[in-house]
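This is what each chain is made of:
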Amino acid sequence: MDLAQLLTSLDGRGYGDYKRIRGTHTLPLPGNSGDTALEVDRVQVDPFAPPSLMRVRVDRAQTGIPADLLADRAGRIAAGDFLTRSFSRAVSSRLGSGSTSSRRADRDTPPPIVIGSPGQQVLERTSVVFTDAEVEARITVALPAAGRRIKGRRAASLLCEELPQIVADALIAPLDLDALRAHVTLYRDQLDLREQLTARGLVSFVADGALLPRRSGDSDLPLTDGGVPFRSPDVLRTSFDLPSGRSVEGMGVPEGITVIIGGGYHGKSTLLRAIERGVYPHVAGDGREWVLTRPDAVSIRAEDGRSTASVDISPFINDLPSGADTRTFTTTNASGSTSQAANLIEAVEAGASALLIDEDTSATNFMIRDERMRRLIPAHREPITPFVDRVRALHDERGVSTVLVAGGSGAFFDVADHVIALDAYVPDDVTEQARAIAREEAPAGSDGRPHSQAQPHLQAQPHPSAQPLPQPHFAAAPRVPEAGSLRPADKRKFARARGRAAIQYGRDDIDLTAVLQLVDTAQTQAIAHALERLADSLDAHATLTDAVAAIDRMIAEGGLDALSPHTGHPGHLARPRPQEIAAAVNRYRGLRIRG
Ligand code: ADP
Ligand code: MG
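The rules behind each value
- Sequence order sets the numbering: in each chain, residues are counted from 1 along the sequence as written.
- To read the labels, note that chains go from A and ligands from 1, taken in the order they are written.
- The model is predicted, so local features are restricted to residues of pLDDT at least 70 and side-chain atom pairs to those at 80 or more, both for listing and for counting; the totals for chains, interfaces and linings are taken over all residues.
- As a rule here, side-chain values cover all heavy atoms of the structure and leave hydrogens and water aside.
- Only DSSP runs of H or I with at least four residues qualify as helices, and only runs of E with at least two residues qualify as strands; both kinds are numbered from the N terminus onward.
- The atom set for the radius of gyration is the C-alpha atoms, and the globule formula is 2.2 Å times the number of residues raised to the power 0.38.
- Whether a residue is buried, partly exposed or exposed follows from its accessible area with a 1.4 Å probe, protein chains only, as a fraction of its type maximum: under 20%, in between, or over 50%, in that order.
- Note on contacts: a residue pair is in contact if any heavy atoms of the two residues lie within 4.5 Å.
- Values of accessible area rely on a 1.4 Å probe in the Shrake-Rupley scheme; residue burial ignores everything except the protein chains shown.
- The charge count includes Lys and Arg as positive and Asp and Glu as negative, but it does not include His or the ends of the chains.
- Working definition for charges: the position is that of NZ of Lys, CZ of Arg, CG of Asp or CD of Glu.
- Note: domain ranges come from an automatic or database domain assignment.
- Throughout, nonpolar core names a set of buried Ala, Val, Leu, Ile, Met, Phe, Trp, Tyr and Cys residues whose side chains join them through atoms within 4.5 Å.
- Two rings belonging to Phe, Tyr or Trp (six-membered ring only in the last case) form a pair when the distance between their centres is within 6.5 Å. Interplanar angles under 30 degrees mark stacking, angles over 60 mark edge-to-face geometry, and anything in between is tilted.
- Lysine and arginine charges are scored as sitting over a ring when NZ or CZ, respectively, is within 6 Å of the ring centre and within 35 degrees of the ring normal.
- Each residue gets a pLDDT score, which is the predictor's confidence in that residue and runs from 0 to 100.
- Any nitrogen, oxygen or sulfur atom within 2.8 Å of a metal ion counts as a donor, with the limit raised to 3.2 Å for Na, K and Ca, and since water is left out, coordination shells can look unfinished.
- Both site types are read off a 1 Å grid over the protein atoms alone. A 1.4 Å probe that fits but cannot get out defines a cavity, while an open set with protein on both sides within 12 Å along at least five of seven lines defines a pocket; lining residues have an atom within 4 Å of a point.
- Grid points are joined across faces, edges and corners, and a volume is the space filled by probe spheres set on the points.
- Throughout, the ten residues Ala, Val, Leu, Ile, Met, Phe, Trp, Tyr, Cys and Pro are labelled nonpolar, Asp, Glu, Lys and Arg are labelled charged, and all others, Gly among them, are labelled polar.
- Whenever Lys or Arg places a side-chain nitrogen within 4 Å of a carboxyl oxygen from Asp or Glu, that contact is recorded as a salt bridge.

Taking an unreviewed UniProt entry as the reference, the protein chain is identified by name as Isopentenyl-diphosphate delta-isomerase belonging to Brevibacterium yomogidense.

This is how it looks when you write it as structure tokens:
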């Protein structure tokens, strides 16, 4: 009995009988174009459970994809992304965006077959993968039901007619191989550029002609009209030669401290947001395809209410009125300033070589303190040493650069290496003017960095020798989580993503709303699995950073599939950065640190 006959024979039976379709089936493709193998890995137990997991495979020869496009990991990632998008389009055009039976819910119900829906970023995914001989697409299928009974005839046409048509549309020659080659070539160029940044002493690159603004506050698509293309200030202009032979020109954001200023609504946050997203390559037509940022750059914001576990925020916060030790700051409810300090310290711990900070989402008292306030509240009554007084040490001691939007205060002029002013979305280098202003206003005898010199109580104690030894501010020891503290309290429920910004972890929820560089629910699901792995793998001595690095290595070596607890279909996962895995661990309210 073939699959179509089996499904038809199940019509009207209890839903649980669908489990009889588990296993491998051969389905003919339309138009004599060969066969596809359908592997049914997991069958949902009822119509309301998560959909069934299936894989379809075709021979690589049937796709016509030239071998050179799949010869390296970058090529396979980009080609997998391309085919995922084309599969998703084929599903929509064959099945519409909703179930055929209910017009009412068309907008809300997903189609019965889902392969994942990539956004503007090209990420490593589990949706479409390549072996030497085959291309495999991983799909979920909501098996059709009438109440709790099997709709066998509908299932037969879905799996045995519509699915092979979709496979043929999406994976079988004639594919648009020119478009595929362009997609792969762009991605390889983008990775190459991103890799060149560090050697060139740059944190980020924003090409001339890039279109940064988005269509709306809740859309990641490019603004359709009225967008002013980016244009680099002359002094920061640089160019890159790329493997395809292409070269791109634009603004290099140098290491060190870069401050973006300009009037309200002149495009500051939009520029910073593009730099923040530049850790990922974007698809052609996005407008940000030539905005690339070091892959470890982390966006930092205030996040009051979050928990922290033994974070050393003492570079910024000391002598809290509660008497809490800020070298091992632990709270269930951080304030604006303490949460921002913790976010920053954790990002540095997780290996960030650049921090991206916007005044719009910062705690003012964390960032600056003005002269009047310094006079009224003596330094020893103020627990906070503002970021402006530490940003230089962060760079000098730890090599961590900062790109900062500060339109409301000139306090950073003293410490900035570069000041970029946006005027009606057009950037200009105003470093010299800003320095001149800072010099004019500096108190007599100052070297032009009054704030960083104005904290005598925080300087090193006088040293017996003539030159006092400077005491490093950012010298925290890496944290070692208590083995077992990452196990969810309730083991019956596994970890799973609930949208982009939340993970259900046992009985707890981990809130990732403020983790802005997490861009895709499939990444969040991957992080959920990473947490389970960490819970099992933490031994008594691994630092958090090393444990996360081990997970990242496992993905690099074994592929993303290795993260999944399932054999066969791994679920729809996309690769997260180690920084976001660490961010999730740090926000887990059960986390305990040894010490
Ligand atoms: P700021 O942070 O300086 O107050 P935003 O970056 O929030 O300004 O931008 C203000 C508005 O201008 C937003 O609606 C944004 O989409 C739009 N915008 C930003 N850059 C451009 C641009 N290059 N061309 C057209 N509109 C832009
Ligand atoms: Mg802004």
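Draft legend 1. Region of the structure containing the overall build of the protein chain. When you go through the protein chain residue by residue, the secondary structure sums to 15 helices and 23 strands. On C-alpha atoms alone, the protein chain measures out to a radius of gyration of 27 Å, which is about the 25 Å that the 2.2 N^0.38 rule sets for 595 residues. Projected onto the principal axes, the alpha-carbon positions of the protein chain cover approximately 90 × 50 × 45 Å. Sorting the 595 residues of the protein chain into buried and exposed places 54% on the buried side. For the protein chain, the share of sequence-separated contacts (at least 6 apart) that also reach a separation of at least 24 residues comes to 71%. For the protein chain, the accessible surface area stands at approximately 26400 Å², while carbon and sulfur atoms represent 49% of it. Side-chain charges in the protein chain split into 68 positive and 76 negative, and the spacing between the mean points of these groups amounts to 6 Å.

Draft legend 2. Structural view of the domain arrangement of the protein chain. Split by domain assignment, the protein chain resolves into domain 1 (3–175), domain 2 (298–458) and domain 3 (496–587). The gap between the C-alpha centroids of domain 1 and domain 2 is 51 Å.

Draft legend 3. Looking closely at the nonpolar core. With 57 residues, the main nonpolar core has Ile-21, Phe-87, Ile-113 and Leu-159 as its most contacted residues. Contributing elements (two or more residues each) for this core: helix 1 (3–9), strand 2 (35–42), strand 3 (52–59), helix 3 (73–95), strand 5 (128–130), strand 6 (134–141), helix 4 (152–171) and helix 5 (177–199). The contact partners of Ile-21, leaving out residues within four places of it in the chain, are Leu-3, Leu-6, Leu-7, Leu-10, Val-40, Val-43, Met-54, Leu-143 and Leu-159. Within the second largest apolar cluster, 44 residues are counted, among which are Leu-344, Ile-357, Leu-394 and Ala-411.

Draft legend 4. Seen up close, the packing of aromatic side chains. Under the counting rule described, the total for this entry stands at eight aromatic pairs. Considering the side-chain rings of Tyr-15 and Tyr-18, the 4.9 Å spacing of their centres and the 80° angle between planes classify their relative orientation as edge-to-face. Seen from their ring centres, Phe-387 and Phe-412 are 6.2 Å apart, and the 50° between their planes marks the pair as tilted. Of this pair, Phe-387 sits in the loop between helix 9 (371–376) and helix 10 (391–398) while Phe-412 is found in the loop between strand 18 (401–405) and strand 19 (418–423), placing the two residues 25 residues apart along the sequence. Grouping residues by exposure puts Phe-387 and Phe-412 together as buried. Of the aromatic side chains, those joined through ring pairs into one cluster are Phe-316, Phe-366, Phe-387, Phe-412 and Phe-474. The ring of Phe-240 carries the charged tip of Arg-200 above its face, separated from the ring centre by 4.0 Å.

Draft legend 5. Molecular detail of the confidence of the model for the protein chain. Per-residue confidence for the protein chain gives a mean pLDDT of 92, with 93% of residues at or over 70. Across residues 99–107, confidence stays below pLDDT 50; counting only partners more than four residues off in sequence or on other chains, it has five contacts. Contacts of residues 445–463 to residues separated by more than four positions or lying in other chains number 28 contacts, the stretch itself having pLDDT below 50.

Draft legend 6. Broad picture of the coordination of the magnesium ion (ligand 2). In this structure, Ser-269 (OG) and Asp-360 (OD) serve as the protein donors to the magnesium ion (ligand 2), at separations of 2.1 to 2.2 Å. Residue Ser-269 is located in helix 6 (residues 268–277), and its partner Asp-360 is located in the loop between strand 17 (354–358) and helix 8 (364–367); the two are separated by 91 residues in the primary sequence. Its relative accessible area of 26% is what places Ser-269 among the partly exposed residues. For Asp-360, a relative accessible area of 56% corresponds to the exposed category.

Draft legend 7. Representation of the layout of surface pockets. Empty space within the largest pocket amounts to approximately 1100 Å³. Taken together, 37 residues make up the lining of the largest pocket; nearest its centre are Pro-50, Pro-51, Leu-53, Thr-140 and His-572. Secondary-structure elements contributing two or more residues to the lining of the largest pocket are strand 3, helix 3, strand 4 (113–114), strand 21 (496–497) and helix 13 (521–537). Its residues placed into classes, the lining of the largest pocket shows 17 nonpolar, 15 polar and five charged. No fewer than three residues from each of domain 1 (3–175) and domain 3 (496–587) sit in the lining of the largest pocket.

Draft legend 8. The arrangement of the pattern of salt bridges in detail. Considering all chains together, one arrives at 39 salt bridges under this definition. Its salt-bridge partner being Arg-188, residue Asp-72 comes within 2.7 Å of it at the nearest N-O pair. Taken together, the residues Asp-72 in the loop between helix 2 (60–63) and helix 3 and Arg-188 in helix 5 connect sequence positions 116 residues apart. A salt bridge links Arg-138 to Glu-136; the nearest nitrogen and oxygen atoms lie 2.6 Å apart. Per residue, the accessibility class of Arg-138 equals that of Glu-136, and both read buried. Shared partners join several salt bridges into a network, and the residues in it are Glu-39, Asp-41, Arg-55, Arg-57, Glu-134, Glu-136, Arg-138 and Asp-561.

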